[in-house]
Amino acid sequence: MTVGQRIAQKRKEQGLSQEALGEALGVSRQSVYKWESGSTLPEIDKLIAMSRLFGVTTGWLLGVEELAQAEAGEAAPPPDSGGPELTEAQLKMVEEIVDRYLAARQPPKRRRWPWAVSAAAGLALLLSLASLRSDIQNIRSAYYNLDYSINDISRNVSSQIDSITGQVEQALKSQNSLTASFSVEIASADYAANTVTFSVRAVPKTYTEGMTAFFMADNEDTPVEVPAEEGPGQEFFGQVTCALTDSIAISAVFVTGDVRETQTLDAFSFLYTNSLPDVPWPEGDMDRIVLNDEGELWWPGWHCIAYLPNVARANSVSAYMAGIEQAEARSIQVGLFRNRKLLGWLEPCEQPEYYQGAWNVEFYSFPEVSVVPKEEDIFCLAAVVVDEYGREFVYSGIPYVLQQDTLVQADKSGFNAGEPLSPENWEY
């Protein structure tokens, strides 16, 4: 079981939702979802809090106890048993602290000099409390050292597993490979035709007289096959051109008689997205929009402003690393949309006095529209962009829905804020 699966198991046993567990730990529901899905690991203080909440050890949550017991040939205790959080030596230390504390509370025998006895008893009590505080600090330090050691062991084990997994995958690839060597490079891209060309070479591991080969580009459209030329050293080479998309796999196909053997050489992701202009998605004061007395959307003039941050997007770096050039924007229009249908274009305006942001941004004022919204309506800002090659796409902003006579952010599929979308499903 993974750490996330263990958290999910104990959460369900406690009858807690992801939101309820997040509230108990002081984190969001999304954080709990990421833990349970395995995309992130909880911090050590959250692991400690969950071990107390679930009644188990941090070692059980991390799976370290079962690993250590498996290596020692011992049976793992059931998770519900919890197990001691402290070692036997630490438990003895706690017993000693309790005994000393109780001894300090025993009433002293009456003497002829009560004030001296009282002073001595007070001094002893102070010394006992000081010793108690020191022992508690020692236990706390030992406890955190224990947690740190468990975390360190978990990291080392994960690192070793990843290393072994990588070695196994590499060995399998080497055994199953049909090529002794190969290379795939981007030769050129034609954005006006929306195509990309790859230069490919491959040397078969086992060459047979009369062998032929061809290269194949498999993307989101129809696969393209191009015959390869044979050169010196039993090397096949050639160029293959296909539609520019965000998922392209290049393969070599070796043909001997009626036998065809295929080897995937390389895969390319987000080439189309990385070739698009550097345009951020629009942001704006959508949460200031409310309903008027007639039930229509209403905004108080200057209070509703949209803006496009003039900052470089990550895809400019990705485009450079991928070996392709990034196009420039020829036109940008920002609109207010309902259910992907245009309500009105926003107009460029001056920076409002209330805006104190530090970014270099372009401002747009909302259009005047009369709309009576429904609960199922989805509103958003979107930038319609046309690049220098005539390619058109849409950058959608965060979607909003009606809730208690105002617009609030919503998590809706199909509205991927910040990602370029095809204009096919938009009306403007």
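Scope of this entry: the structure provided in the associated data block. Computed from a prediction, not measured in an experiment: that's the story for all the values here.

Bringing the overall build of the protein into the picture now. A count of helices and strands for the protein gives 10 helices and 21 strands. A sequence separation of at least 24 residues applies to 63% of the contacts in the protein between residues at least 6 apart. By element, 50% of the accessible surface of the protein is carried by carbon and sulfur atoms, the whole surface being about 25,400 Å².

Spatially, the four strands line up as an open sheet ordered β1-β2-β6-β5, and their pairing is antiparallel. What marks the edges here is a single partner per strand, and that holds for β1 (179–190) and β5 (229–231). The average undirected angle you get between the axes of adjacent strands in this sheet is 25 degrees. As defined by bridge partners, β5 adjoins strand β6 (residues 235–243) across three bridges and the pair is classed as antiparallel. Paired with E229 across the strands is F237, a residue of β6.

Once that is clear, we can look at the environment of D411. Counting through the fold element by element, D411 comes out in the loop between β20 (406–409) and β21 (420–421). A residue is classified by how much of its surface remains accessible, and D411, at 77% relative accessible area, is exposed.

The next point concerns the pairing of β20. Note that strand β19 (residues 400–403) and β20 share four bridges and pair antiparallel. Along β20, the bridge assignment pairs L402 with L407. What sits between β19 and β20 in their antiparallel hairpin is a turn of two residues, with Q404 showing a positive phi close to 55 degrees.

Time to look at the nonpolar core. Burial of nonpolar side chains together is a common tendency in soluble globular proteins. Residues F198, V200, I250 and L271 are the most contacted members of the largest nonpolar core, which totals 25 residues. Contributing elements (two or more residues each) for this core: β1, β2 (195–204), β3 (212–218), β6, β7 (247–256) and β8 (259–269). Counting 22 residues, the second-largest nonpolar core is a separate cluster that includes F379, V385, F393 and Y395.

This next bit is on the sheet that holds β7. If you walk across this open sheet you meet the four strands as β4-β3-β7-β8, and the pairing is antiparallel. Whereas interior strands pair on both sides, the edge strands pair on one side only; in this sheet they are β4 (224–227) and β8. Within the sheet, the average angular offset between the axes of one strand and its neighbour, ignoring direction, is 20 degrees. Sheet analysis places β7 next to β8, joined by 10 bridges and oriented antiparallel. Each bridged residue has a counterpart across the sheet, and for V253 the counterpart in β8 is T262.

Here is what the cut-offs are and how they apply
- Every chain is numbered independently, its residues counted from 1 as its sequence is written.
- Predicted model: local features are reported for residues with pLDDT of at least 70 only, side-chain atom pairs are reported and counted for 80 or more only, and whole-chain, interface and lining totals are derived from all residues.
- Note that water and hydrogens are dropped before the side-chain values are worked out from all heavy atoms of the structure.
- In this description a helix means any DSSP run of H or I spanning at least four residues, a strand means any run of E spanning at least two, and both kinds are numbered starting from the N terminus.
- Two residues qualify as a contact provided that any one of their heavy atoms is within 4.5 Å of a heavy atom in the partner residue.
- Each accessible area is a Shrake-Rupley estimate made with a 1.4 Å probe; only the visible protein chains count as cover when residues are assessed.
- Note on pairing: DSSP must find at least two bridges between two strands before they are called paired.
- For helices, the fitted line uses only the C-alpha atoms of the stretch in contact; every axis is such a line through C-alpha atoms, and the angle between N-to-C directions lies from 0 to 180 degrees.
- Burial classification: accessible surface area is computed with a 1.4 Å probe over protein chains only, and a residue below 20% of its type maximum counts as buried, one above 50% as exposed, and the rest as partly exposed.
- Definition used in this section: a nonpolar core is a set of buried Ala, Val, Leu, Ile, Met, Phe, Trp, Tyr and Cys residues joined via side-chain atoms within 4.5 Å.

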